[in-house]
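Descriptive structure summary
Given next are the chains, with one letter for each unit.
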Amino acid sequence: MYDFSGKTAIITGGNSGIGLETAKKMKAAGANLAICGLSDEKLKKATAVLGGDVITRSVDMTAVPQIETFVSEVARHFGKVDVVVAAAGGAVVRPFHRMDEDLFDHDLGRNFKGAYFTAKFATPHMKNGGSLVFLGSAAGSRGFPGMSVYGPSKSALRSLVRVLAAELSVNNIRANLVSPGPIPTPGMDRLGLPDAELQQAKAGFEAMVPLGRMGTTGNVADTILFLASDAASYVTGSEIPVDGGMAQV
């Protein structure tokens, strides 16, 4: 559907879930691809799925020097960066009164700080315009118990795309946000809940969706590809929900 031939795309969190699905679709559309993740095992599996001509690196998205090294390596190898998909992140469900400073810093770091600095280091290598696509969440617009850090970290990304859309427009760089609702991914299974509570939470999420079902990683990846492509050349500073109406109705 979209042509990314000759374009270089960086996808953080590209070793699983929405990030990996996006990577598969972008590679199929001709992109030069670089992905990062935290799990070496998942990176090996992603490499097998995507093929050996993809740059894969283990990067802690809370560690800014690692992010800078990764982005610089990609830019040197391919000569430029055209697309950044900041899909790395995750949540641990914990009541507000039980949140501690270490978990606060970790969740804010992997969901906001990591995305922020990936964009900062990549944009100087965007020579003829470019596209920044950040992964938000319905939790950025709607309050969910136990997500007192995750929700605000995604709200911060919504604010960031507005600022970057204004600031980087002089360089013809676009910035947008895709905000999924409940999507079955490995990350959903790592919410830090006992299995019985996790299954109850999933059923509760489905009940909140007007369409009455969870979405798929493909639903989200298709929207990311649109925003990253030339088809969205007049779209910037925007948020596109892919949530079955969860945070809209």
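Here we come to the overall build of the protein. When its secondary structure is counted, the protein shows seven helices and seven strands. Reading the helices (α) and strands (β) of the protein from amino to carboxyl end gives β-α-β-α-β-α-β-α-β-α-β-α-α-β. Computed over its C-alpha atoms, the radius of gyration of the protein comes to 17 Å, within 12% of the 18 Å expected for a compact globule of 249 residues. C-alpha atoms of the protein, sized along the principal axes, occupy 50 × 35 × 30 Å. Per-residue burial over the protein gives 51% buried out of 249 residues.

Moving on, we get to the sheet that holds strand β3 (residues 55-58). The sheet built from seven strands is open, its strands ordered β3-β2-β1-β4-β5-β6-β7 with parallel pairing. If you trace the sheet from one side to the other, it starts and ends with β3 and β7 (239-242), each paired once. Sheet twist, expressed as the mean angle between neighbouring strand axes with direction ignored, is 15°. The pairing of strand β5 (residues 130-135) with strand β6 (residues 173-180) spans six bridges and is parallel. Bridge pairing in β6 links Val-133 to Asn-176.

Glancing now at the nonpolar core. Residues Ile-10, Phe-70, Leu-132 and Phe-134 are the most contacted members of the largest nonpolar core, which totals 31 residues. Broken down by secondary-structure element, the contributors of at least two residues to this core are β2 (32-37), α3 (64-78), β4 (83-86), α4 (101-122), β5, α5 (150-167) and β6. It is α3 that provides the largest number of residues to this core, a total of six residues. Each residue touching Leu-132, except ones within four places of it in the same chain, is listed here: Val-84, Ala-119, Thr-123, Met-126, Leu-164, Leu-168, Ile-173, Arg-174, Ala-175 and Asn-176. Counting 29 residues, the second largest nonpolar core, distinct from the first, contains Ala-23, Val-83, Val-133 and Val-242.

It is worth spelling out the packing of α4 against α5 at this point. For the pair α4 and α5, the least separation of the axes is 8 Å and the interaxial angle reads 15°. Classified by the interaxial angle, the pair formed by α4 and α5 is roughly parallel. Our pair here, α4 against α5, has a crossing hand that is right-handed. Each of Leu-108, Asn-111, Phe-112, Ala-115 and Tyr-116 in α4 lies in contact with α5, whose residues at this interface are Tyr-150, Ser-153, Lys-154, Ala-156, Leu-157 and Leu-160.

As for its position among the elements, Lys-154 is in helix α5. Nearest to the buried, unbridged Lys-154 among oppositely charged side chains is Glu-239, at 10 Å. A polar contact is formed between the side chain of Lys-154 and the backbone oxygen of Leu-135, at a distance of 2.8 Å. Ignoring anything within four residues of it in the chain, the contact list for Lys-154 reads Asn-111, Leu-135, Gly-136, Ser-137 and Gly-140.

About the cut-offs
- Residues numbered from 1 in each chain as written.
- Predicted model: local features only at pLDDT ≥ 70, side-chain atom pairs only at ≥ 80, totals over all residues.
- Heavy atoms only, no water.
- Helix = DSSP H or I, 4+ residues; strand = E, 2+ residues; numbered from the N terminus.
- Rg over C-alpha atoms; globule rule 2.2 N^0.38 Å.
- Buried < 20%, exposed > 50% of the residue type's maximum accessible area, 1.4 Å probe, protein only.
- Pairing = 2+ DSSP bridges.
- Axes fitted to C-alpha atoms, helices over the stretch in contact; angles between N-to-C directions.
- Core = buried A, V, L, I, M, F, W, Y, C linked by side-chain atoms within 4.5 Å.
- Contact = heavy atoms within 4.5 Å.
- Parallel < 35°, antiparallel > 145°, perpendicular 65-115°, else oblique.
- Left-handed = near helix turned anticlockwise from the far one by under 90°.
- Lys, Arg positive; Asp, Glu negative; His and termini not counted.
- Salt bridge = Lys/Arg side-chain N within 4 Å of Asp/Glu carboxyl O.
- Polar contact = N/O pair within 3.5 Å; in protein donor to acceptor, adjacent residues only side chain to side chain.

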